[in-house]
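Architecture at a glance
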Amino acid sequence: MTLSTENLFYSQRLKMTPPRTEDVQTMLLWNEDPEYLRNVDTDIAIPYSEKQREEEGETKNKEVYFRLRTQEDEQLIGFVVIHSIEWNNRCGQLAIGIGLAEHRNKGYGTEALKLILRYAFHELNLDRVGLDVISYNARGIRAYEKVGFQLEGRIRSAVYRDGKRYDRLMMGILRSEWESL
């Protein structure tokens, strides 16, 4: 068997790395962007403390967590994680965040999704990756669809923001679908 010489952790412009101590100050800036906080989670948009950010990102038995950096200058731009892994079922859930507005709309999200899916299917040997996204996050949904995620269902009226109700969309991709892209 010949192993691929393709680097599991690198794409054209990005790389997935473990957390670094100096990341915390950059991540605290993400706290100041309500769009980031409201797209990355359905919970209350509340800034994390420095201590909470320091503790974030430890890979555990049922998850793998990476920070996203640019290859060119190693600038921290976000994170990506496969969590809630059920090893016996070969399934996991994906979460991703691009921290600052200046790094959004540049294709980093799509590139990071391709990178983490390659890792999930080739290295973790998963057969399915799922996610959920708030229905108002059009950019996120577009990026997920671009890399092959399909709408699998919705939880109606599950998120309440600014006096309005929004659905949570459940999306997923199977290894066979990803390989056929």
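Bear in mind the structure is a predicted one, so any value in this text is a computation, not a measurement.

Here is what the cut-offs are and how they apply
Residues numbered from 1 in each chain as written. Predicted model: local features only at pLDDT ≥ 70, side-chain atom pairs only at ≥ 80, totals over all residues. Heavy atoms only, no water. Helix = DSSP H or I, 4+ residues; strand = E, 2+ residues; numbered from the N terminus. Buried < 20%, exposed > 50% of the residue type's maximum accessible area, 1.4 Å probe, protein only. Contact = heavy atoms within 4.5 Å. Salt bridge = Lys/Arg side-chain N within 4 Å of Asp/Glu carboxyl O. Arc of directions from axis to C-beta. UniProt positions renumbered as here; feature names shortened; annotations may be inferred. Core = buried A, V, L, I, M, F, W, Y, C linked by side-chain atoms within 4.5 Å.

Moving on to the overall build of the protein chain. Looking only at helices and strands, one finds 6 helices and 7 strands in the protein chain. Start at the N end of the protein chain and walk to the C end: the helices and strands fall as β-α-α-α-β-β-β-α-β-α-β-β-α. With respect to the principal axes defined by its C-alpha atoms, the protein chain has extents near 55 × 40 × 30 Å. Taking all 181 residues of the protein chain together, 44% fall into the buried category. The long-range share in the protein chain, meaning contacts at least 24 apart out of those at least 6 apart in sequence, stands at 62%.

Take the pattern of salt bridges next. Evaluated as defined, the whole model comprises 15 salt bridges. With its nearest N and O atoms 2.7 Å apart, the salt bridge here joins Arg53 to Glu56. Look at Arg53 and you get buried, because its relative accessible area is 2%. For Arg128, the salt bridge goes to Glu152, with nearest N and O atoms at 2.2 Å. Remark: Glu152 occurs in strand S6 (residues 150-161) and Arg128 occurs in strand S5 (residues 128-134); sequence separation between them is 24 residues. Using a relative accessible area of 22% as the deciding quantity, one classes Arg128 as partly exposed. Residue class for Glu152 comes out partly exposed when judged on its relative accessible area of 45%. The network of salt bridges with shared partners includes Asp33, Glu35, Arg104 and Arg139.

What follows covers helix H1 (residues 23-30). Considered for burial, the residues of H1 that qualify are Asp23, Val24, Met27, Leu28 and Trp30. Down the axis of H1, the buried side of the element spans an arc of 145°, and every buried residue falls inside it.

This part covers the UniProt feature "domain: N-acetyltransferase" (unreviewed entry) in the protein chain. Here the UniProt-annotated "domain: N-acetyltransferase" (unreviewed entry) positions come out as residues 14-167. Helix makes up 30% of residues 14-167 and strand makes up 34%, while its end C-alpha atoms are separated by 31 Å.

The next thing to look at is the nonpolar core. In terms of nonpolar packing, the biggest core is built from 35 residues, with Ile82, Leu94, Val129, Tyr144 and Phe149 touching the most fellow members. Those elements that provide at least two residues to this core are strand S1 (14-17), strand S2 (64-70), strand S3 (76-86), strand S4 (91-98), helix H4 (108-123), S5, helix H5 (138-146) and strand S7 (164-174). Tallying contributions element by element places H4 first for this core, with 9 residues. Setting aside its immediate chain neighbours within four residues, Val129 contacts Ile82, Gly92, Leu94, Leu117, Ala120, Phe121, Phe149, Met171, Gly172 and Ile173. If you look at the next biggest cluster of nonpolar residues, it comprises 9 residues, including Leu37, Phe79, Val81 and Leu100.

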